[in-house]
Amino acid sequence: MTPSNTLVTWPSAERAAAFAAWMAPLAAEHGLIAETLRPASSDASFRRYLRMDRTGGGSLIVMDAPPDLENCRPFVHVQGLMAAAGLNVPQILAWNEAQGFMLLSDLGRQTVIERLDPGRPQDAQAWYLQAVDTLIAWQRASRPDALPPYDEALLRRELALFPDWYVAKYRGVALDAGQQAVLAKAFDQIVAQNLSVPRVFVHRDFMMRNLMASDPLGVLDFQDAVCGPITYDIASLLRDAFISWEENFVIDITVRYWEKARKAGLLGANSASGWGDDFGEFYRAVEWMGL
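Each value, and the rule that gives it
Residues numbered from 1 in each chain as written. Predicted model: local features only at pLDDT ≥ 70, side-chain atom pairs only at ≥ 80, totals over all residues. Heavy atoms only, no water. Helix = DSSP H or I, 4+ residues; strand = E, 2+ residues; numbered from the N terminus. Rg over C-alpha atoms; globule rule 2.2 N^0.38 Å. Buried < 20%, exposed > 50% of the residue type's maximum accessible area, 1.4 Å probe, protein only. Contact = heavy atoms within 4.5 Å. Areas by Shrake-Rupley, 256 points an atom, 1.4 Å probe, with all protein chains shown as cover. Lys, Arg positive; Asp, Glu negative; His and termini not counted. Charge placed at Lys NZ, Arg CZ, Asp CG, Glu CD. Salt bridge = Lys/Arg side-chain N within 4 Å of Asp/Glu carboxyl O. Pairing = 2+ DSSP bridges.

Peer 1: Is there a simple way to think about the overall build of the protein in this case?
Peer 2: Helix and strand content of the protein: nine helices and nine strands. Relative to a compact globule of 291 residues, whose C-alpha radius of gyration would be 19 Å, the protein shows 21 Å and is just as compact. Reported as C-alpha extents along the three principal axes, the dimensions of the protein are approximately 60 × 45 × 40 Å. Split into buried and exposed, the 291 residues of the protein put 46% on the buried side. Excluding contacts between residues fewer than 6 apart, the proportion of contacts in the protein whose partners are at least 24 apart in sequence is 70%. Looking at the protein as shown, the accessible area adds up to about 14,700 Å², and 52% of this sits on carbon and sulfur atoms. Charged side chains in the protein number 26 positive and 35 negative. The centres of these two groups are separated by 1 Å.

Peer 1: What am I meant to see in the pattern of salt bridges here?
Peer 2: In a structure, side chains of opposite charge can pair up when their charged atoms sit close to one another. Under the counting rule described, the total for this entry stands at 15 salt bridges. We note a salt bridge from Arg156 to Glu152, for which the minimum N-O separation is 2.8 Å. In this pair, Arg156 and Glu152 both sit in helix H4 (residues 152-159), four residues apart, roughly one turn of the helix. Overall, the relative accessible area of 38% leaves Glu152 in the partly exposed class. A salt bridge links Arg284 to Glu281, with the nearest nitrogen and oxygen atoms 4.0 Å apart. Within this pair, Arg284 and its partner Glu281 are both found in helix H9 (residues 279-290), separated by three residues, close to a single helical turn. When its relative accessible area of 32% is taken as the criterion, Glu281 is described as partly exposed. Members of the salt-bridge network, linked through shared partners, are Arg15, Arg48 and Asp64.

Peer 1: I'm lost on the pairing of strand E2 (residues 48-53) in this one. Help?
Peer 2: Two faces, one strand: in a regular strand the side chains alternate between the faces of the sheet. Where E2 lies against strand E3 (residues 59-64), six bridges are found, and the strand directions are antiparallel. Bridged to Met52 within E3 is Leu60.

Here it is in structure tokens:
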């Protein structure tokens, strides 16, 4: 079977042939129409997603992740954790680890962010409350040693993106010794504050463009999940780089999340900060994570 759709190109004839050989029996098994193969989406990596229609209606998703450039094991591992937690994530229907191909169920074509209007927060609230429920379910499934730690080393690597890439590369600015000292002191405070919070499963990119407008909400782009600060995903959701809300809306959703997290025992006795009793203190911690 050789897909004929010219919208999909392959880096080499060898990879195109490998895909065709892998897909042939799966196409027969799942009723896939080869000529409908087309791009679905991509992420900030060498991984891409393709969509293929089925003869009986609907479609499936193909992940194309060259094994010399992408490791699919974290995706498979986190998919299992999320499915066990009751989240709506793509089902893995077939996986060729050696060649980096995966066949997945299709959660739809529209992300939640496409349904949102920044000028109509009243319409967005229901979507955000669904996202909060999804996040609580994910965090309640947390258990030790199931995911890599979001530790000081990782946090500092991510903080270093600011001086290395934004300041130096993008802005072309060289910080003097005094400026570097100020930044280092700020980073020390940010690290200390964010490592002092309770640790849970962290999606690490939990925002509306990674949630599908399905029922229940579909969750995508989870392969970088870690075990880290409970404030990370709620900060990611409400301090989204792609859509912004007034502070009263952000506080309203955050306090609703906080109430659910309290009831779920996620902010209990293991938090010396007393966040389970004081929303103001919890919100301050979310602000530190936002930094």
